[in-house]
Amino acid sequence: MIDKRVVAKETDLKIDNKQHKGQLANKFIEVALVYWCTKTKDMSPETITWLNVSRERRLNLLAAIEGGLSIDAFWQETAVLMIQLFHFMERNGYWSSWIPTLEKAIKLCPQRECYEQVRLQSQLSQLYRKSARFDDADQLFSQLLQYALDSDNKQLMASIYREQAVSFIARNQLDLAEESITTAYKYRQSDLDKQFAFICETFGDVYRRKGKYSDSLSYYERALPIRESYEDPYAIACTLNDMALVYEGLGEYEFGLSTYNKALEVLEDTNNYQSLKFLIRINKGVTNYRQNRLAEAEQTFLGINLFELKRSGELISQGLALQNIGNVKLKRMKHEEARPYIEEAIIVFESIHDEVRLANSVGTLAEILVLEGKVKEATPCFDKAISLLEKYPEHIWGQKLLADFIEQRNNC
């Protein structure tokens, strides 16, 4: 067990390559773990920026974790450090490379089903879902749910069912998502904590996709004051972004635009969370596009750094950016410029098994082929888009796309 009296400064933690490969002395590992546990206990925006600006600093942190995992006596403290780091890794573009470290930590746990192992498994399930590894996520959900049932841990039950609902949303299985989030709501322990905010936001996501905009908005409005009470800019901006999507669904475009601007203002004073900023700008561009402000929409989409977005690993945002650049170029009759963006969007959405967004991209490609006079090539694309969308009758946007593609297919 680590001696909590050990203290350290950042200058004490510089390491060479040999140390980084796991040859740190036990004392150095002890000092480093205490230091990093203390530094990351309160992940304020300032701390997040402090970590983001220095690659060497992050390497030192990862080296401490690797060293801690190599010694059974340090496993618990290392796991606590990893749990504290989860949102930093998830929100700042490091989550895909974090998965192997989580897997390793869980495997090396010296005590089965301890609190820290369960937390790490829960975090890993979320990253599996973000990576579209749905079978792996479902397997972890089952293990965690059994543990929660055996221990009568209602808070964990609520967390698992809520994450399961988000996983169903990612697969466009909205009825199953609604069942799961309703179960999570039943097991909630408070109406004022972060978990309740997550539950409300997930209800909002389900109902927004089903076209029940008033119900959706009511849940986001319950979540927002909780997010604001915790002063977490990322979470506040996420909720505002989702609310703006609802306003757009209600046809309140100007109110939606002002809400996107408010979300960006929340993140304005930080260089963190670039992926979220990109997503908000994409959605803002879509609102301009739907109001036929095409030049403004194109400028917004082209202002998004696609290289940085790809680096972040946020595949949905990548696909949305590519799709919408293609959309606006197509609408402005630049179909030759639109095509490579749409073709790349198809690859992205295929990789994450998002069949509704994939159908949108495939149908858009069909529209481009028609404009190019390639009707014979367009027809099977329309057919593929239609067959995909027919699987999701509860998805309101998907059904609008379906009707549009059927009409275009019939006119070919």
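Along each chain, numbering runs from 1 in the same order as the chain's sequence is written. Predicted model: local features are reported for residues with pLDDT of at least 70 only, side-chain atom pairs are reported and counted for 80 or more only, and whole-chain, interface and lining totals are derived from all residues. Only hydrogens and water are removed before side-chain values are computed, so all heavy atoms of the structure are retained for them.

1. Comments concerning the packing of aromatic side chains
The cut-off we apply is this: Note on aromatic pairs: the rings of Phe, Tyr and Trp (six-membered ring only in Trp) are paired at centre separations within 6.5 Å, and the planes decide the class, stacked below 30 degrees, edge-to-face beyond 60, tilted for the rest. In this text, helices come from DSSP runs of H or I with a minimum length of four residues, and strands from runs of E with a minimum of two, each type numbered from the N-terminal end. A simple rule labels every residue: compare its accessible area, found with a 1.4 Å probe on the protein chains alone, to the largest value its type can have, and call it buried under 20%, exposed over 50%, or partly exposed in between.
Under the criterion given, the structure shown has 12 aromatic pairs. Measuring from ring centre to ring centre gives 5.7 Å for Trp36 and Trp50, while their planes differ by 45°; the resulting arrangement is tilted. A residue pair is termed long-range when its members are at least 10 positions apart, and Trp36 in helix 2 (residues 26-39) and Trp50 in helix 3 (residues 45-52) qualify at 14 residues. Owing to a relative accessible area of 1%, Trp36 belongs among the buried residues under this scheme. Members of the aromatic cluster, connected to one another through ring pairs, are Tyr185, Phe196, Phe203, Tyr207 and Tyr219.

2. A short note on the confidence of the model for the chain
The criterion, for reference: For every residue, the predictor reports its confidence as pLDDT, a number between 0 and 100. Any two residues having at least one pair of non-hydrogen atoms within 4.5 Å are treated as being in contact.
Of all residues in the chain, 94% attain a pLDDT of 70 or more, and the chain-wide mean is 92. Taken together, the stretch residues 19-24 has pLDDT below 50 and engages in 10 contacts with residues farther than four places along the chain or on a different chain.

3. What to know about the side chain of Asn327
Summarising the element assignment, Asn327 is placed in helix 18 (residues 315-331). Non-local contacts of Asn327, meaning those with residues more than four positions away in its chain, are made with Tyr289, Ile342 and Thr364.

4. Here's the deal with the pattern of salt bridges
Applicable threshold: Any carboxyl oxygen of Asp or Glu within 4 Å of a side-chain nitrogen of Lys or Arg constitutes a salt bridge here.
Summed over the entire model, instances satisfying the criterion amount to 31 salt bridges. Between Arg293 and Glu254 there is a salt bridge; the shortest N-O distance is 2.7 Å. Separated by 39 residues along the polypeptide, Arg293 in the loop between helix 15 (274-290) and helix 16 (294-302) and Glu254 in helix 14 (residues 253-266) bring together distant segments of the chain. Judged by its relative accessible area of 29%, Arg293 is partly exposed. For the salt bridge of Glu298 with Arg332, the shortest nitrogen-to-oxygen distance reads 2.6 Å. With a gap of 34 residues between them, Glu298 in helix 16 and Arg332 in the loop between helix 18 and helix 19 (335-351) connect regions that are remote in the sequence. Relative accessible area serves as the criterion here: at 5%, Glu298 is assigned to the buried category. Given a relative accessible area of 36%, Arg332 falls into the partly exposed group.

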